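# Overview (structure and organization)
For reference, the chains in residue letters:
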Amino acid sequence: MRIERGLHALYDADPLAADRRVWGRESSPLTRRGFLRGSGLAAMSAALGGAIPFAERMPAGLIPAAFAQTTEPFSIPGKDGLRVLNDRPLNAETPAHLLDDAVTPAERLFVRNNGTPPNTADIDPGEWTVEVAGEACLRPARFTLGEIQRRFPHHTLQLQLECGGNGRSEFHPPARGNQWTTGAVGCPTWTGVRLRDVLADCGIGENAVYVAWEAADAHISGDPTKQAISRGVPLPKALEEESLIAWDMNGAPLPPLHGYPVRMVAGGWPGSVGGKWLTRILVRDRVHDGEKMGGQSYRVPCDPVVPGAEVADADMCIIESMPVKSLITFPESGVRLPFGAPATVRGHAWAGDLAVRELHTSIDFGTTWQRAALTEPANRLAWQHWSTSIDFPRPGYYEVWARAVDAVGRSQPALLPAWNPRGYLNNACHRIAVRVA
Ligand SMILES: Nc1nc2c(c(=O)[nH]1)N[C@H]1C(S)=C(S)[C@@H](COP(=O)(O)O)O[C@H]1N2
Ligand SMILES: [Mo]
């Protein structure tokens, strides 16, 4: 059997019907249970390359992890093995096994552009200007990047960056937008000054509510009267110690695609709050109303809705802290392991504004879980690393699922969380395929 993109389309359209067509599995739409028997089990086992010891636990209507994460050839200069989802604007994600580093190298950080980046090839970074203004700014000012670097104390922090739409490809009905699987996340180190130090210098009015940014990228249409994106955060988030105006990533100047010469980073919130190619900071007396703040952008229904529902803009709320999530970065999904030797499995976990408290793995489709070792974060809002050793009871096809729990006890859902119109915040457990022979 040849399995390609078509499998996703088939499962997107109707997962239980896809099960029937691909494997001959009949199941109940209510319980999502349906035992793979006879020819169905034989077909799936053949495709997966072995018996499936926990076959009777496998949820119906779920593409086996062995086929769920396809990789396609692609190249962006300076990017190593990322998958391009769109080239105008450029969007590329990182396969999970390439995110194994504790600190994400530049070559492996996803790229999410809403517009056309400015040409910064020949600029003098020290002369780049950043203006501070807005209704609630007491002393509007204009700094060069050189002045910012000279006037305010420097800080280096490791901060996670995850696109609000990471995981969108799994929602059904499908949501429009980049069809990210699991790779729109990374956790480099950033060097810069605290946003709050610059804001304090300019004076924050009593009426301040929100801190927003504007940037030098152009709207994708080329229309100079339109902005590509201009977002921000409520004042308390802007004033946190970890909200930075950064010029270095991993000890080197920001790469052009990641905002050279200067950007904002507010870890733990959707990546879209951190403006690349920063030109203006606005202290607003209202919730910022820039491009991609309103409508349905970076918003989810304030109250849960049934999948496929149309939700009025007025009933959509701005995404703030991202939910608890984890990745399995080793081994690579699809790995073949020898039977009898314990296998090391590891990855990272993060939880928006919170820390991760526990991480568990399962090899029986979520029936039982074992606790992994978990490190403390390098600093607040940095992802944590986990590792565990797994014994597989007999040869066959397995899936390893990882599930993190945050500091207040919320855990990742085994499969999909609440559907929302734009497909944000999918923090379902990451799963990898393992064949033991
Ligand atoms: N100026 C500007 N800043 C931006 C964007 C953009 O398109 N333009 N994209 C945002 C989004 S949606 C995300 S997820 C992050 C991605 O950062 P990265 O491309 O450095 O990984 O940048 C944010 N900052
Ligand atoms: Mo994003």
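Conventions used here
- Residues numbered from 1 in each chain as written.
- Chains lettered and ligands numbered in written order.
- Predicted model: local features only at pLDDT ≥ 70, side-chain atom pairs only at ≥ 80, totals over all residues.
- Heavy atoms only, no water.
- Helix = DSSP H or I, 4+ residues; strand = E, 2+ residues; numbered from the N terminus.
- Rg over C-alpha atoms; globule rule 2.2 N^0.38 Å.
- Contact = heavy atoms within 4.5 Å.
- Areas by Shrake-Rupley, 256 points an atom, 1.4 Å probe, with all protein chains shown as cover.
- Lys, Arg positive; Asp, Glu negative; His and termini not counted.
- Charge placed at Lys NZ, Arg CZ, Asp CG, Glu CD.
- Near = heavy atom within 4 Å.
- Polar contact = N/O pair within 3.5 Å; in protein donor to acceptor, adjacent residues only side chain to side chain.
- 1 Å grid on protein atoms, 1.4 Å probe; cavity = no way out; pocket = protein on both sides within 12 Å on 5 of 7 lines; lining within 4 Å.
- Sits in = over half its atoms within 2 Å of the grid points.
- Phe/Tyr/Trp six-rings, centres within 6.5 Å; stacked < 30°, edge-to-face > 60°.
- Buried < 20%, exposed > 50% of the residue type's maximum accessible area, 1.4 Å probe, protein only.
- Lys NZ or Arg CZ within 6 Å of the ring centre and 35° of its normal.
- Arc of directions from axis to C-beta.
- pLDDT = per-residue confidence, 0-100.

Before going further, it helps to spend a moment on the overall build of the protein chain. From N to C terminus, the protein chain includes seven helices and 26 strands. The C-alpha atoms of the protein chain give 23 Å as radius of gyration, which agrees with the globular expectation for 437 residues (22 Å, within 12%). Structurally, the protein chain occupies a C-alpha span of about 75 × 45 × 40 Å along its principal axes. Counting only contacts in the protein chain whose residues sit at least 6 apart along the sequence, the fraction spanning at least 24 positions is 70%. Per element, the accessible surface of the protein chain, about 18,000 Å² overall, is 52% carbon and sulfur. Taking the average place of the 44 positive charges on the side chains of the protein chain and the average place of its 47 negative ones, the gap between the two points comes to 5 Å.

Turning next to the site of ligand 1. Around ligand 1 there are 20 residues in total, and Phe110, Asn114, Asp217, His258 and Lys276 lie nearest to it. Separating a nitrogen atom of ligand 1 from a backbone N or O atom of Gly274 is a distance of 2.8 Å. For ligand 1, whose free accessible area comes to 540 Å², the fraction covered by protein is 100%. If you map ligand 1 onto the pockets, it falls in the largest cavity.

On to the packing of aromatic side chains. Across all of its chains, the model carries seven aromatic pairs by this definition. Judged by centre distance (6.0 Å) and plane angle (80°), the rings of Phe143 and Phe152 are edge-to-face. Each member of the pair, Phe143 as well as Phe152, is classed as buried. Ring-pair connections join several aromatic residues into one group, and the members of that group are Phe54, Phe392 and Tyr398. Stacked on the ring of Phe330, the Lys or Arg Arg346 has its end atom at 4.3 Å from the ring centre.

Buried residues of helix H6 (residues 195-202): Leu195, Val198, Leu199 and Cys202, and no others. All buried residues of H6 fall inside an arc of 100° around its axis, so they share one side. Just downstream of H6 lies Gly203, where phi reads positive at about 85°.

With 94% of its residues at a pLDDT of at least 70, the protein chain reaches an overall mean of 92. For residues 1-5, every residue scores under 50 in pLDDT, and the model assigns this stretch seven contacts once sequence neighbours within four places are set aside.

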